[in-house]
Amino acid sequence: MDSEIAIAPHDPLPLSHELDENGFPIGSSSTDDDDDGDYEGYGDGDGEGRDVEDAAIADESSDAVSTFAADFYGSGTDWSSLVAAEEEGRKEKKGGLVQRSLLQMWGIKKPKEYEEGSGGMARNLGRKRRRSAMGGEEHVDRVDRRKGQEMKLDRPRVCPFYKKIPGTPFTVDAFRYGQIEGCLGYFLSHFHHDHYGGLSKRWSHGPIYCSSLTARLLKMCLSVNSLYICPLELDTEYDIEGVKVTMLDANHCPGAAVIHFRLSDGRTYLHTGDFRACKLMHSHPLLLNHRINVLYLDTTYLNPKYRFPPKEDVVDFVVKKTHNCLKKQPRTLVVVGAYSIGKENVYLAISQSLEVPIYANASRRRILQSFGWPELSGRLCSSGQSSPLHVLPLSFLRHENLKEYLKTLNKRFTAILAFRPTGWTFSESTGNQLDLIKPSTKGNVTIYGVPYSEHSSFTELRDFVKFLRPEKIIPTVNIGNAASRDKMQAYIREWLKV
DNA sequence: GCGATCAGTT
DNA sequence: CACAACTGATCGC
């Protein structure tokens, strides 16, 4: 199956390309694969997260036998080094990364009174109390470091294999590993913190390829040197280092791209970045009736417990609730929460339906303007008094905050109706019914959590994979523990049967 | 003051 | 409840 991948002459990324039938590198002592098609249906989802992960961690620190997770995270530039992996980096997952506070970025100052409330106390206590559960040496290091006592130097973070595109000198969303040996092109799938982490104005390790919208954000928000930024238009094929590269719309946040690589030997790789699969992708000329050899898949919600409605349905729901509420209380302020970029359609739809402008503060307006979407730009306004529709940082959407916020608006409004568009909401796990969503109300502040997801649901993933039928799949999310990997593999195998 | 890192928060 | 994606504290330099 996996015949040789021709390595381009200039290609210094020493990637072995042998993958096992699950898309994991051969020789990495992949998962204990005996429990093949076991599904045990839904529901036993709990326990999966923490416990198993801790088990995996314990494994890693103690064992001589290499677990997949250890190998996986410890893997260096070469897949063949997986076996000899050091146990570093098990925490690769998502790190706190650069970027100044978004609140600051959005120009919102935290009221003094919230700075040292019970929250602060709880946090400090939590910090002290923590740090016991997961023994192991690394832990000790960390404690020492906090005390400022003789600490070891931090081992450098190593780029995990799934961020490298074999047979090419490229990586995807790998900016937190310094210079990566042999990497001549650093691709960025989209402008979210956990993907661009490591990028700053000091970046100098090589060219960054991304959509032009993302490119603008890199300059505006992170002051990345333009010398290194290589904007690519969507649906346009580029020849980069002898590889044909095309970015497709990922249906995630603005500027998010799915990246299609065609190697000179004809092999094709598709990296989804973060994406929400949809029917439209099924008809893309690069995907329809074309073989994909390896699919790097955003497996965030690859579990049947993650069911949520189409975005359109959620938007309809939000618009309807808004209308109802305004009918009863015409002087209601409607608030939509959003952190960096993404979920714009929620407030755009309200704006269009109510025929009111959208208030956002200066820094958010600047970012939204940079999208170059006239229908959005044209509706932005700079005075909170002149619109009953405000966009605020997600973290601000709490009863105390909104109550205060209402006061600052000088009686122009008498109540607040707020929406937090989050990916998956627990209330949703019981069913797929939007009507079941109950808001949380305190006084004149009502907050709805709505399942507006910019990642694929389980069924959307299934349909996408069954449509694409790639030769191999490499999951890029939820791979930190064996149980979840096994489960995902089992589903994928099932989908690709016959 | 900046960047990295970790835990915590919603 | 558990998600993704962020904030805040604290370290080194």
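Each value, and the rule that gives it
Residues numbered from 1 in each chain as written. Chains lettered and ligands numbered in written order. Predicted model: local features only at pLDDT ≥ 70, side-chain atom pairs only at ≥ 80, totals over all residues. Heavy atoms only, no water. Disulfide = S-S within 2.5 Å. Buried < 20%, exposed > 50% of the residue type's maximum accessible area, 1.4 Å probe, protein only. Salt bridge = Lys/Arg side-chain N within 4 Å of Asp/Glu carboxyl O. Helix = DSSP H or I, 4+ residues; strand = E, 2+ residues; numbered from the N terminus. Phe/Tyr/Trp six-rings, centres within 6.5 Å; stacked < 30°, edge-to-face > 60°. Domains from an automatic or database assignment. Contact = heavy atoms within 4.5 Å. Buried area = accessible area lost by both parts, 1.4 Å probe. Polar contact = N/O pair within 3.5 Å; in protein donor to acceptor, adjacent residues only side chain to side chain. Nonpolar A, V, L, I, M, F, W, Y, C, P; charged D, E, K, R; others polar.

Engineer: Looking at this structure, I do not really get the state of the cysteines. What am I missing?
Structural biologist: Note on terminology: a disulfide is the covalent bond linking the sulfur atoms of two cysteines. This model, assessed by the stated rule, comprises 0 disulfides. Between Cys 183, a cysteine without a disulfide, and Cys 159, which holds the nearest cysteine sulfur, the sulfur-to-sulfur distance is 7.8 Å. The class of Cys 183 is buried, set by a relative accessible area of 5%.

Engineer: Just checking my understanding: could you explain the pattern of salt bridges for this structure?
Structural biologist: When the charged atoms of two side chains with opposite charge come close together, those side chains can pair. Taken as a whole and judged by the stated rule, the model has 7 salt bridges. The partner of Arg 291 in a salt bridge is Glu 471, with the nearest N and O atoms 3.4 Å apart. Placement of the pair is Arg 291 in the loop between helix H8 (279–282) and strand E10 (294–297) and Glu 471 in the loop between helix H14 (458–468) and strand E18 (472–475), with a sequence separation of 180 residues. Classification of Arg 291 as partly exposed rests on a relative accessible area of 48%. According to the relative accessible area criterion, Glu 471 is partly exposed, its value standing at 23%.

Engineer: Got a minute to help me understand the packing of aromatic side chains in this structure?
Structural biologist: What characterises a pair of aromatic rings is the spacing of the ring centres plus the angle enclosed by the ring planes. If you walk through the whole model with that rule in mind, you get 21 aromatic pairs. Ring geometry for Tyr 269 against Tyr 296: centres 6.5 Å apart, planes inclined by 75°, an arrangement best described as edge-to-face. Taken together, the residues Tyr 269 in strand E9 (residues 268–271) and Tyr 296 in strand E10 connect sequence positions 27 residues apart. Here the two residues Tyr 269 and Tyr 296 agree in accessibility, since each one is buried. Here Phe 464 and Phe 467 contribute two aromatic rings whose centre-to-centre distance is 6.5 Å and whose plane-to-plane angle is 45°, an arrangement assigned as tilted. Here Phe 464 pairs with Phe 467, and both are found in helix H14, just 3 residues apart, close to one helical turn.

Engineer: What's the story with the domain arrangement of chain A in this structure? I'm lost.
Structural biologist: For an interface, size is often stated in terms of accessible area lost upon the parts coming together. Here chain A is partitioned into domain 1 (2–16 + 160–298) and domain 2 (311–450). Measuring from the centre of the C-alpha atoms in domain 1 to the corresponding centre in domain 2 gives 33 Å. Listed by partner, the interface residues are 11 residues for domain 1 and 11 residues for domain 2. Buried surface at the junction of domain 1 and domain 2, both sides included, amounts to about 970 Å², of which 63% is carbon and sulfur. At the junction of domain 1 and domain 2, the tally comes to 3 residue pairs in polar contact (both at pLDDT 80 or more). Partitioning the side of domain 1 that touches domain 2 into residue classes produces 7 nonpolar, 2 polar and 2 charged.

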